[in-house]
Amino acid sequence: MNKIKYLGFLIAGLAILLPGLSARGQNDVLLTQSWAVPTYYNPAATGSTDFVRIRGGARLQWVGIENAPKSFLACADMPFQFGKQRIGIGADMSNESLGLFRNTLVNIQASYKRKFLKGTLSIGIQGGYYSSAFKGSEVYLPEGDDYHQGVDEAIPTQDVAGHTFDLSAGLYYSHKYFNVGISGLHLLDPTVRLDKEGSEGTTSDNEVDRFETRLSRTLYFTADGNIPLRNTLFELQPALLIASDFDSWNAQVDLRARYRKFISVGLGYRWKEALNISLAAEFKNFFFGYSYGYPLSAISKASSGTHEIILGYQIKLDFSGVNRHRHKSIRLM
């Protein structure tokens, strides 16, 4: 099968999944450069290369708007040889500030791999710890107009926080020319109970001490390709990501051109939200990626756009020498 057909499969996947969905925001950090951190969206992508990969980044959304979302994340993964079986292990951490909310998620991941057709099929699982905090002490409800109330029992006026266990799983197929994955994050659809700091779980008869927030179950579909252009030093690298909580959705598609496996430039589109440009460079074991998103909504009147940076380092692993130096002892008992 020629390489152009692989690109066709990627586009077909987007066309199949988009029609039944409607637009929304997300619980997770929805990176423009999602292709650079596949394990963040799918635990089955751990160990999909022969490298120990370490990558971290920051996303500053809608710069210029007070309390706009800020996100930070770090991912690490590696393959591991257990006898004749290859598995992947990894971990990731993300932290978001969304207005007065501060959310942190830490995961441990593992994947099991089998050869399938001309590629590798992986199934992965991850367990995590999720915490959420709300700075109720900084809430300001203006009085004296027809649109606001000075008191709202649904909004805490003291700092509250809570935590819960999180569970996710996924499938990932890796081929020489493309990768495709589907994953379900936050499968338990957990509700986080936010208690007032210092309340120790007690509730007063005169006030509401407990509030709740939800970590919505989310389905992700990801695909990316690597298509060498004949008789050139260029490669085309399409990528797409679709996310849905079954009530609404978000999606983005990107196309990058890479030269000499060193530097790449790309254009992208996030559905009804932003146009993106990106620049990435790979030198020896180091990776650098930057993207800028120009908002397509009225937010552009108040914000200069969204900036995103990802840095990475990787170390090649060599499994060819496993047990290569095994020898028998000549010591006599």
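All of these numbers come straight from a predicted model, not from anything done at the bench. (Residues numbered from 1 in each chain as written. Predicted model: local features only at pLDDT ≥ 70, side-chain atom pairs only at ≥ 80, totals over all residues. Heavy atoms only, no water.)

Peer 1: Help me get a handle on the overall build of the protein, residues and values and all.
Peer 2: For the protein, the helix and strand inventory stands at two helices and 17 strands. For the protein, the residues scored as buried account for 42% of the 333 residues in total. Intrachain contacts of the protein at a sequence separation of at least 6 include 55% that bridge at least 24 residues. When the accessible surface of the protein is totalled, it reaches about 19,100 Å², and 61% of it is carbon and sulfur. (Helix = DSSP H or I, 4+ residues; strand = E, 2+ residues; numbered from the N terminus. Buried < 20%, exposed > 50% of the residue type's maximum accessible area, 1.4 Å probe, protein only. Contact = heavy atoms within 4.5 Å. Areas by Shrake-Rupley, 256 points an atom, 1.4 Å probe, with all protein chains shown as cover.)

Peer 1: So, unusual backbone geometry: which residues are in play, and what are the values?
Peer 2: Residues other than glycine seldom take positive phi values, yet L117 does so here, at roughly 50 degrees. Along the chain, the position of L117 falls in the loop between strand 4 (101-116) and strand 5 (119-134). Here K284, not a glycine, exhibits a phi torsion of approximately 55 degrees, which is positive. Mapped onto the elements of the fold, K284 is located in the loop between strand 15 (274-283) and strand 16 (286-295).

Peer 1: Got a sec to walk through the environment of D189? Specific residues and values, please.
Peer 2: Assignment of secondary structure puts D189 in the loop between strand 7 (178-185) and strand 8 (191-196). For the pair D189 and L215, spaced 26 residues apart in sequence, the C-alpha to C-alpha distance is 5.9 Å. The contact partners of D189, leaving out residues within four places of it in the chain, are R214, L215, S216 and R217. Of note is the side chain of D189, whose polar atom sits 2.8 Å from the backbone nitrogen of R217. (Polar contact = N/O pair within 3.5 Å; in protein donor to acceptor, adjacent residues only side chain to side chain.)

Peer 1: How would you summarise the layout of surface pockets if you had to cite specific residues and measurements?
Peer 2: Of the volumes computed, that of the largest pocket is approximately 1,400 Å³. For the lining of the largest pocket, a count of residues per class yields 15 nonpolar, 16 polar and 15 charged. (1 Å grid on protein atoms, 1.4 Å probe; cavity = no way out; pocket = protein on both sides within 12 Å on 5 of 7 lines; lining within 4 Å. Points joined across faces, edges and corners; volume = space filled by probe spheres on them. Nonpolar A, V, L, I, M, F, W, Y, C, P; charged D, E, K, R; others polar.)

Peer 1: Account for the confidence of the model for the protein, naming residues and giving values.
Peer 2: This prediction gives the protein a mean pLDDT of 84; 79% of its residues lie at or above 70. Residue range residues 3-25 is modelled with pLDDT below 50. Its contacts to residues more than four positions away, or to other chains, number 39 contacts. Note that residues 201-208 has pLDDT below 50 and, in this model, eight contacts with residues that lie over four places away or in other chains. (pLDDT = per-residue confidence, 0-100.)

Peer 1: Tell me about the nonpolar core, residues and numbers included.
Peer 2: Counting 18 residues, the largest nonpolar core has L31, V37, Y40, Y41, L73 and Y220 as the members making the most contacts within it. When residues of this core are assigned to their parent elements, the largest contribution, three residues, is made by strand 12 (residues 234-244). V160, V192, L194 and L215 belong to the second largest nonpolar core, which has nine residues in total. (Core = buried A, V, L, I, M, F, W, Y, C linked by side-chain atoms within 4.5 Å.)

Peer 1: A description of the side chain of R59 should follow, citing residues and the corresponding values.
Peer 2: With respect to the helices and strands, R59 occurs in strand 1 (residues 51-63). Here the side chain of R59 touches E308 through a polar contact of 2.9 Å, side chain to side chain. Discounting chain neighbours no more than four positions away, the residues touching R59 are V29, L30, L31, T32, P69, K70, S71, R270, T306, H307 and E308.

Peer 1: Describe the packing of aromatic side chains, with residues and values.
Peer 2: Inspection of the entire model under this criterion finds ten aromatic pairs. With 6.3 Å between their ring centres and 70 degrees between their planes, Y269 and W271 make a pair best called edge-to-face. Accessibility expressed as a relative area gives 30% for Y269, which makes it partly exposed. Judged by its relative accessible area of 33%, W271 falls in the partly exposed class. By way of ring pairs, the aromatic residues Y40, Y41 and Y220 are connected into one cluster. For R55, the ring lying beneath its charged end belongs to F287, and the centroid distance is 4.1 Å. In this arrangement the basic side chain of R256 is found over the ring face of W35, its NZ or CZ atom lying 3.6 Å from the centre. (Phe/Tyr/Trp six-rings, centres within 6.5 Å; stacked < 30°, edge-to-face > 60°. Lys NZ or Arg CZ within 6 Å of the ring centre and 35° of its normal.)

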